[in-house]
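Coordinate inspection notes
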Amino acid sequence: MRKAINAEWFVPTRWYNILPDLPESLPPYLKPNGEVVTPQDFEVLFAKELVRQEFSQDRWIPIPSEVRDIYLTWRPTPLIRAKRLEEVLKTPARIYYKFEGISPPGSHKPNTAVAQLYYIAKEGVGRVTTETGAGQWGSSVAFAAAFFQVKATIYMVRASYLQKPYRRVLMELWGAEVIPSPSERTESGRKFLAEDPNHPGSLGIAISEAVEDAVKTGSKYVLGSVLNHVLIHQTVIGLEALEQIRQFGDYPDYVVGACGGGSSFSGLFWPFYYEKKVGKSEKDVKFLAVEPAAVPTLTRGEYLYDFGDTAGLTPLIKMYTIGHLYKPPPIHAGGLRYHGCAPTLSLLVKHGEVNAVAYGQREVFEAAKLFANTEGFVPAPESAHAVKAVVELALEAKRSGRETVILFNLSGHGLLDLSAYDDFLTGAMQEAVPTSEELARCLAEVRKLTG
Ligand SMILES: *Cc1c(COP(=O)(O)O)cnc(C)c1O
C-alpha cells in the first residue's frame, strides 16, 4: 500500500495542546520592563478565544464544526509511502510523508488561518492585519478571510513583493490588500524607509508594521507561527498521521520537519510526543527539526528572552534565537527566515526531547530535485529542508542495515517557487552562512534586554 485511505473520519474533531505535557511549565511572556504579559494584554492584539487557547492548560480543544467543515475541502491530507525514493536510495528505511501542499494556498498554513479568522469574525471584528515573507502565510490569511467576509491587510517583505509577484496576485485574487514593507503606512515602516529608501524589508519589520497597524486601528493581528494557539491548530496534521500510519501497520522511529517558527513540525510531532508521554508509543520515537544553515536558530542560537519582531513591539519570548537584529540573508526558503523559534519547541530542544540539524540551501535543493524525480511532487523550498534530513537518515539506515521508519512533513508544494528552482538549476544559487562574530554581536544585544 502506498497511500492511506482518505476517509473523512480521519479528520479530528479536537486539537491537541502540549502545554500540560511539557517537561516544565513554559516561561511567561514578558514586557520590556520585566512585567509578565497577561491574557488581557494580549487581547489588544488577538481574538479573545485565541488568547484563551494561548494560555490554556486543557489537553484537548474542540474544533468548531464551521472550521472542520472548511478543513474537509482538503483534509485529510494524504499520507504517502515514498517507495520510489526508498528504491533509489537502496535503503531498508521505510519513508512516509504527510503532504500538506494540497490545500488551496499550497501549504499547512490555512489549518490555523481558517481557525483564527473564524474566531475573529465570530467576535465581530471586520479587519485583520498580518505580515508575510514569500507569501505563504499571507495567501492563507487572504484565503481564510474570504470565507468569513473579513478584510485583510498584508504587509509583504518588499524584496519578495518585487521578486515574487504570483503570491501577491493570489492574495489579491482572494480579496486582500497587499502592501510592500517597509511602508509609509506605519511609524516603524517610515523609520526603516528613512534609513534606506530602497529597504528590502524583513519578516521582523513586516511584523512590526502589522502589529502597529492593528493596535492603532482597532483591528486584530493574526500570526502564522511561533505562538501556542497557532501550533495547537496545526495538530490536525499529526492526529491524522497517527491514524494513517497505523493503517500501514507501521509506527515512526523518526518524525522530521522543517522549522521556521516551528508550527508545521510541531503540528506533526506533538501527537506522537503525547503518545510517548502517556506510554502509548510503540517505539522510542525521535523528533528532528531541520533549519537552514543561513538562519541557524536552534543549532547555533541561544535560549534567551528576545523580541518576536525587529522594532521591539512584541512581548519578549523565551526561545532559541540568533537575535531580533540578525539580518537573514536572502535565501529561497522565505518561511524559514526567522530569527527565533516557537517557545514550546525551544523548551523541548533545551530538554533534549527534540534534536535539530541545519543544511545549506544547495544540498537542500539537490534533495528536493531527487524527491521531485522519484515522488513527483515539487517540494516548497522550506519543506525541502526536511527532505534533505530524511535522505540523510535513510542513508544512515542503509549503512547500519536497520529498517528505520521515517515520517516527515512535506509542508507545502513549490509550484510558486520555480524561480528558486531556476536559480538552483542554472547554478546561480548562493550559500550564506553567518560568521561566529556576527552571531555573537547579535546575541550580545539580546542579552542586554533582560540584563
Ligand atoms: C511557512 C512555512 C514553513 C515554516 O514555518 P513553520 O511555522 O516552521 O512551519 C514551512 N513550510 C512551508 C511550506 C511554509 O509555508
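Residues numbered from 1 in each chain as written. Predicted model: local features only at pLDDT ≥ 70, side-chain atom pairs only at ≥ 80, totals over all residues. Heavy atoms only, no water.

What the protein chain contains, in helices and strands, is 19 helices and 14 strands. Relative to the compact-globule value of 22 Å for 451 residues, the protein chain shows a C-alpha radius of gyration of 20 Å, a close match. C-alpha atoms of the protein chain, sized along the principal axes, occupy 60 × 50 × 45 Å. Here the protein chain holds 451 residues, and 63% of them are scored as buried. Working note: accessible area of the protein chain is about 16600 Å², and carbon and sulfur atoms make up 52% of it. (Helix = DSSP H or I, 4+ residues; strand = E, 2+ residues; numbered from the N terminus. Rg over C-alpha atoms; globule rule 2.2 N^0.38 Å. Buried < 20%, exposed > 50% of the residue type's maximum accessible area, 1.4 Å probe, protein only. Areas by Shrake-Rupley, 256 points an atom, 1.4 Å probe, with all protein chains shown as cover.)

Here we come to the site of the ligand. If you check the shell around the ligand, you find 18 residues, and the closest are Lys-109, Ser-225, Ser-263, Ser-264 and Ser-411. In this structure, an oxygen atom belonging to the ligand sits 2.6 Å away from a side-chain N or O atom of Lys-109. Between the ligand and Gly-262 there is a distance of 2.8 Å, counted from an oxygen atom to a backbone nitrogen or oxygen. Considered on its own, the ligand offers 380 Å² of accessible surface; in the complex 98% of this is hidden by protein. Those elements that place two or more of their residues in the shell around the ligand are helix H13 (263-277) and helix H17 (381-400). In terms of residue class, the shell around the ligand is made up of three nonpolar, 13 polar and two charged. (Near = heavy atom within 4 Å. Polar contact = N/O pair within 3.5 Å; in protein donor to acceptor, adjacent residues only side chain to side chain. Nonpolar A, V, L, I, M, F, W, Y, C, P; charged D, E, K, R; others polar.)

Take the domain arrangement of the protein chain next. Each domain of the protein chain was delimited in the assignment, giving domain 1 (11-63 + 107-228) and domain 2 (74-105 + 234-450). Taken together, the 56 residues of domain 1 in the interface contact 53 residues of domain 2. Overall, the association of domain 1 and domain 2 removes approximately 4600 Å² of surface from exposure, summing both partners, and the carbon and sulfur fraction of that is 68%. It is Tyr-16, His-108 and Val-226 that lose the most area in domain 1 upon contact with domain 2, and together they represent 14% of the buried surface on that side. Across the domain 1-domain 2 interface, the total number found is one salt bridge. The salt bridge involving Glu-24 is made with Lys-350; its shortest N-O contact spans 3.0 Å. Here domain 1 and domain 2 share 21 residue pairs in polar contact (both at pLDDT 80 or more) between them. When residues of the side of domain 1 that touches domain 2 are traced back to their parent elements, those giving at least two are strand S1 (14-16), helix H5 (110-122), helix H6 (136-147), helix H8 (165-173), helix H9 (187-195) and helix H10 (203-217). Sort the elements by how many residues they give to the side of domain 1 that touches domain 2 and H10 lands first, with seven residues. Considered class by class, the residues forming the side of domain 1 that touches domain 2 number 32 nonpolar, 15 polar and nine charged. (Domains from an automatic or database assignment. Contact = heavy atoms within 4.5 Å. Buried area = accessible area lost by both parts, 1.4 Å probe. Salt bridge = Lys/Arg side-chain N within 4 Å of Asp/Glu carboxyl O.)

Taking 1.5 Å per residue as the helical rise, H17 with its 20 residues ought to reach 28 Å, and the 29 Å between its terminal C-alpha atoms agrees with that figure. With 14 of 20 residues buried, H17 lies mostly within the body of the structure. (Expected span 1.5 Å × (residues − 1).)

Before going further, it helps to spend a moment on unusual backbone geometry. Negative phi values dominate among residues other than glycine, just as trans dominates among peptide bonds. Residue Arg-75 is joined to Pro-76 through a cis peptide bond whose omega torsion reads -5°. In this structure, Pro-76 sits in the loop between helix H3 (65-71) and strand S3 (79-81). With a phi angle near 55°, Gln-149 is a residue other than glycine that sits in the positive phi range. Take Gln-149: it is sitting in the loop between H6 and strand S6 (151-157).

The six strands are arranged S3-S4-S14-S9-S10-S13 in an open sheet whose pairing can be described as mixed. Each having just a single partner strand, S3 and strand S13 (355-359) make up the two edges of the open sheet. Across the sheet, the mean angle from the axis of one strand to that of its neighbour is 25°, orientation sign disregarded. By the bridge criterion, three bridges tie strand S9 (residues 254-258) to strand S14 (residues 405-410) in an arrangement that is parallel. In the strand pairing of S14, Tyr-254 is matched with Ile-406. Contacts between H13 and the sheet are confined to S9, strand S10 (286-292) and S14, with S9 contributing the most and set at about 160° to the helix. (Pairing = 2+ DSSP bridges. Axes fitted to C-alpha atoms, helices over the stretch in contact; angles between N-to-C directions.)

Before going further, it helps to examine the sheet that holds strand S5 (residues 127-132). The strand order S7-S6-S5-S8 describes an open sheet built from four strands, whose pairing is parallel. Each edge of the sheet is formed by a strand with only one pairing partner; in this case those strands are strand S7 (177-181) and strand S8 (220-221). Sheet topology places S6 next to S7; five bridges connect them, and they run parallel. Bridging across to S7, Met-156 finds its partner in Pro-180.

Attention shifts here to the packing of aromatic side chains. By the definition in use, this model includes 28 aromatic pairs. Aromatic side chains Phe-265 and Phe-269 sit 4.6 Å apart centroid to centroid with 40° between the ring planes, which places their arrangement in the tilted category. You can see Phe-265 and its partner Phe-269 sitting in helix H13, four residues apart, about one turn around the helix. Ring pairs connect the aromatic residues Tyr-29, Phe-42, Phe-46, Phe-55 and Tyr-221, which therefore count as one cluster. A cation over an aromatic ring shows up here: Arg-14 above the ring of Trp-60, its NZ or CZ 4.0 Å from the ring centre. The lysine or arginine in question, Arg-168, covers the ring of Tyr-161, its NZ or CZ lying 5.5 Å from the ring centre. (Phe/Tyr/Trp six-rings, centres within 6.5 Å; stacked < 30°, edge-to-face > 60°. Lys NZ or Arg CZ within 6 Å of the ring centre and 35° of its normal.)

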